[in-house]
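Structure at a glance
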Amino acid sequence: MKSVLVVGGGPAGIAAARALGRLGVSTVLVEKDGQLGGNPIKNNYHTLIPRKLKPSQVIGPYIKDVEQNPNVKVLLNTELTACEGEPGDFKVTLSNGEKYNVGAIVVATGFEHFDPRRKGELGYGLYPDVITNLELERMFSVEGKLYRPSNGQLPKRVAFVFCVGSRDRQLGVTNVHCCRYGCALSGLQGSEIREHYPDVDVFCYYMDVRTYGTWEYPFYWAPQEQYGVRYVRGRIAEITYSPADGRLRVKHEDTIVQRPAEVPMDLVVLVLGMEPSPGTKKVAKILGLAQDPDSQFLVPSDESGSNIVSNKPGIFIAGACKGPIDIESSFSEGEAAAAEAAAFLGAKVTV
Amino acid sequence: MAIHERSLVEPERILRKERLVVDGVDVSGDWNLIIMPRVINDYDVDFGKDVLSQPEGKTINQCYQCSYCTASCPVHNYWDERYNPRHFIYLARLGMIDELQKRADVMWRCVSCHKCTHRCPKGVLVEEVLKAILKVMAKRGIIEEYPSKKFDKFFTESVLEYGRIEDGELLFGWIEKQGYNVVKDPILKKPIPFVGETPEWLKDLVMKPIKSMNIGFLVLNAKHMLFHPKTKNWSKFKQVLRKVMQEEGALH
Ligand SMILES: Cc1cc2nc3c(=O)[nH]c(=O)nc-3n(C[C@H](O)[C@H](O)[C@H](O)COP(=O)(O)OP(=O)(O)OC[C@H]3O[C@@H](n4cnc5c(N)ncnc54)[C@H](O)[C@@H]3O)c2cc1C
Ligand code: SF4
Ligand code: SF4
Ligand code: SF4
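This one's a predicted model, so the numbers in the text were calculated from it and none came from an experiment.

**A look at the domain arrangement of chain A**
Residue and element names in this part refer to chain A. Along its sequence, chain A is carved into domain 1 (3-113 + 275-345) and domain 2 (116-272). Of note, the centres of domain 1 and domain 2, computed from C-alpha atoms alone, are 32 Å apart. Carbon and sulfur atoms supply 63% of the area that domain 1 and domain 2 bury against each other, a total of about 1800 Å² over both sides. Of all residues in domain 1, His46, Ile49 and Pro324 bury the most surface against domain 2, accounting for 33% of the area lost on that side. Counting across the domain 1 and domain 2 interface gives 1 salt bridge. Residue Glu275 pairs with Arg118 through a salt bridge whose shortest N-O separation is 3.0 Å. Between domain 1 and domain 2 we count 5 residue pairs in polar contact (both at pLDDT 80 or more) in total. Along the lines of polarity and charge, the residues of the side of domain 1 that touches domain 2 split into 7 nonpolar, 6 polar and 4 charged.

This is the structure in structure tokens:
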């Protein structure tokens, strides 16, 4: 039987490869980085929504399964460079020069974080105490402490600025979508700060709070009810620095009070949006996959009804390469894509 | 009866009666004061539609109330917090006429710096939308024509006439409108800058930059002020432009 190529070794890709391996389908998994696990592992996420587990707890078992399954061949530091042939008989070329014949392809090339320098008025790169939520995750997970980069001291006040690089036409048509994870992660990060540093006040600046489904209680109600995180309705329009007291000012309209506000903060956390990764755009070109004309995320075919079947027969798409999504859903999509790919090859599965 | 939180009750909602009879019962004395409720009873949705149909108002429905505009607005931040572009857009879309009316005294204060439009994450042309709101309010007699509008008209006329902005005529024509005695040349009947009465502030304003200006530029400016150059073939284009602007309702 033909084998399957999985492109991308993030949550969606490893879930696909793991499922294929367990189904007895011979699988090649290519990952352009030097390790598996995608963005959550690469960027040292600290605690994951929604189950408050560590990435090693959630993603670790998947990585182990993939590495130990004899049906799965993992190629790190490798990318897809060309694809010829037809559905059921693709001839793929990889960046290491190897060529494979595969019957089906799963694309799971994921997302990249928005670069906050593109919103100059928020002062990222200019003021050291304006950081990203990724950097805050790193503070927790790698450095093990909360501090102001300007002086190494504990901040008295922390502000979260929601929707940076999301829901924003000022950046063009590409960043109109909502990031889906930002509100919930901020609720969690805010709670963690309050739990470990009860003297630090935390403020979340929002337009609306999107903690959908079962995320409402743990990541919106609990931060307020249990941890005393405060929410202010207004989008931060400008961040400035006052040399007089060495603190930042977050400028906004408090839309509930209807007054201009420039409030002092010691640490400001920008909640970053998600964009399709460069790898996603590249692979879309190589394989001729349909992309959303605005965001450039991959879009499924209209005919199949399924959201993981691409416009090209034999090619399946899973995870954040199609738009913002959480890790557990990325797993599920990877597994669904694996099942579709196996069915496409006519695999006879015996358990 | 005393009102305990006076600050929450606008004076126009307080009704005081010497004698009050409710359902045939005389309740004068302690019960002679009524506070009218603040309940919003309805929306005048046609107001929002009217704004949308103005050429400047086309983007009003793109607003999602984030308030980047208001937070960036110098008038809101440094002059009067009641000047609030986000809030005006909200009120206009729902058609809360009485609330707009309450703010009529501040609504024309926009200085057209366009910071709001530049930053709006939804692509609302905020400054233009506010002009559209004012236009509809004026049309309905809710607000008086705002002072800066008079200058806008004068400005538009000047551009329509010459296909460009002619500083001298624009400025001194405007000054004449303010009641100053301006000297005009006998042939073209256009004001000759700085020859007649000139307000002190203008002399100050002009003298400062003139000192550091390049002489060629000064001569060119003086020439333009006297001979009013027009854009080539402007008169034909002018007719077309006027017609289009009239049809679009953009000429007031
Ligand atoms: C700051 C932040 C915090 C988050 N926190 C959480 C959380 O707590 N809980 C949660 O559920 N979700 C969270 N998310 C969302 C989560 O990161 C995504 O759901 C998840 O990473 C998507 O997995 P993926 O495999 O689709 O994509 P990715 O994680 O982006 O993985 C894609 C992989 O493909 C590789 N790749 C790309 N192009 C190529 C190519 N051409 N060839 C080979 N390999 C390629 C990349 O190197 C990468 O390893 C968070 C997101 C952000 C931004
Ligand atoms: S999830 Fe929250 S922070 Fe992220 S774009 Fe949506 S509303 Fe903004
Ligand atoms: S910035 Fe734009 S979207 Fe936000 S409140 Fe102002 S007009 Fe509305
Ligand atoms: S153009 Fe007017 S409304 Fe907009 S920011 Fe400037 S003053 Fe405020």
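**Details of the domain arrangement of chain B**
The domain boundaries assigned to chain B delineate domain 1 (6-35), domain 2 (45-139) and domain 3 (147-248). Each of domain 1 of chain B and domain 2 of chain B has a C-alpha centre, and these two points are 36 Å apart.

**Describing the environment of B:Leu170**
Residue and element names in this part refer to chain B. You can see Leu170 is positioned in helix α9 (residues 167-177). For Leu170, a relative accessible area of 9% gives the class buried. Along the primary structure Leu170 and Met36 are separated by 134 residues, whereas in three dimensions their C-alpha atoms are 50 Å apart. Here Leu170 is in contact with Phe151, Phe154, Phe155, Ser158 and Ile165, once residues within four sequence places are set aside.

**Here we look at the site of ligand 2**
All names here are of chain A. Taken together, Phe162, Cys163, Ser166, Arg167, Cys178, Cys179, Arg180, Gly182, Cys183, Asp208 and Arg210 make up the full set of residues adjacent to ligand 2. Breaking the shell around ligand 2 down by element, the ones donating at least two residues are β9 (157-164) and α6 (182-196). Along the lines of polarity and charge, the residues of the shell around ligand 2 split into 5 nonpolar, 2 polar and 4 charged.

**A word on the sheet that holds strand β12 (residues 238-242) of chain A**
Residues and elements named next belong to chain A. One open sheet holds the 3 strands; their spatial order is β12-β13-β14, and the pairing between them is antiparallel. Only two strands of the sheet have a single partner each, and these edge strands are β12 and β14 (259-265). Across the sheet, the axes of successive neighbouring strands diverge by a mean angle of 30 degrees, strand direction being ignored. Both strand β13 (residues 247-254) and β14 contribute to a ladder of 7 bridges, which runs antiparallel. Counterpart to Arg249 in the pairing with β14 is Pro264.

**Description of helix α12 (residues 234-247) of chain B**
All names here are of chain B. In this model, α12 (14 residues) spans 20 Å end to end at C-alpha, consistent with the 20 Å of a helix rising 1.5 Å per residue. Within the span of α12, buried status applies to Trp234, Lys238 and Met245. Take α12 and look down its axis: the buried residues cluster within an arc of 40 degrees, on one side only. For α12, the exposed residues lying more than 90 degrees away from the buried face are Lys236, Gln239, Lys243 and Glu247. Gly249 sits one or two residues past α12 and shows a positive phi near 75 degrees.

**As for the nonpolar core**
Judged by nonpolar contacts, the single largest core of 96 residues is most densely connected at A:Phe160, A:Ile239 and A:Leu270. Those residues within four positions of A:Ile239 in sequence are excluded, and the remaining contacts are A:Glu121, A:Leu122, A:Tyr127, A:Val130, A:Val161, A:Leu248, A:Arg249, A:Val250, A:Val268 and A:Leu270.

**Here we look at helix α4 (residues 60-68) of chain A**
Side chains three or four residues apart in an α-helix point the same way, a direct result of the helix having 3.6 residues per turn. A:Tyr62, A:Ile63 and A:Val66 are the residues of α4(A) that are buried. One side of α4(A) carries all its buried residues, which in axial view fall inside an arc of 100 degrees.

**Quick notes on the pairing of β9(A)**
All names here are of chain A. With 7 of 8 residues buried, β9 lies mostly within the body of the structure. Bridge analysis of β9 against strand β10 (residues 201-206) gives 5 bridges, and the strand direction is parallel. Looking across to β10, one finds that Phe160 is bridged to Cys204. In this view, the connection linking β9 to its parallel neighbour β10 by way of α6 has right-handed handedness. One ladder, built from 5 bridges, connects β9 with strand β15 (residues 267-272); its direction is parallel. Residue Phe160 lies in a different strand from β15, and its bridge partner there is Val269.

**As for the sheet that holds strand β11 (residues 230-233) of chain A**
Residues and elements named next belong to chain A. With respect to topology, 5 strands assemble into an open sheet ordered β8-β15-β9-β10-β11, the strand pairing being parallel. In this open sheet, the two edge strands, each paired with only one partner strand, are β8 (130-132) and β11. Going from strand to strand, the sheet's axes swing by 25 degrees on average, the running direction of each strand aside. Each of β8, β9 and β15 touches helix α5 (residues 133-143); the most contacted strand, β8, lies at about 80 degrees to it.

Scoring rules and cut-offs
- Residues numbered from 1 in each chain as written.
- Chains lettered and ligands numbered in written order.
- Predicted model: local features only at pLDDT ≥ 70, side-chain atom pairs only at ≥ 80, totals over all residues.
- Heavy atoms only, no water.
- Domains from an automatic or database assignment.
- Buried area = accessible area lost by both parts, 1.4 Å probe.
- Salt bridge = Lys/Arg side-chain N within 4 Å of Asp/Glu carboxyl O.
- Polar contact = N/O pair within 3.5 Å; in protein donor to acceptor, adjacent residues only side chain to side chain.
- Nonpolar A, V, L, I, M, F, W, Y, C, P; charged D, E, K, R; others polar.
- Helix = DSSP H or I, 4+ residues; strand = E, 2+ residues; numbered from the N terminus.
- Buried < 20%, exposed > 50% of the residue type's maximum accessible area, 1.4 Å probe, protein only.
- Contact = heavy atoms within 4.5 Å.
- Near = heavy atom within 4 Å.
- Pairing = 2+ DSSP bridges.
- Axes fitted to C-alpha atoms, helices over the stretch in contact; angles between N-to-C directions.
- Expected span 1.5 Å × (residues − 1).
- Arc of directions from axis to C-beta.
- Core = buried A, V, L, I, M, F, W, Y, C linked by side-chain atoms within 4.5 Å.
- Right-handed = clockwise from strand over helix to strand, strands pointing away.

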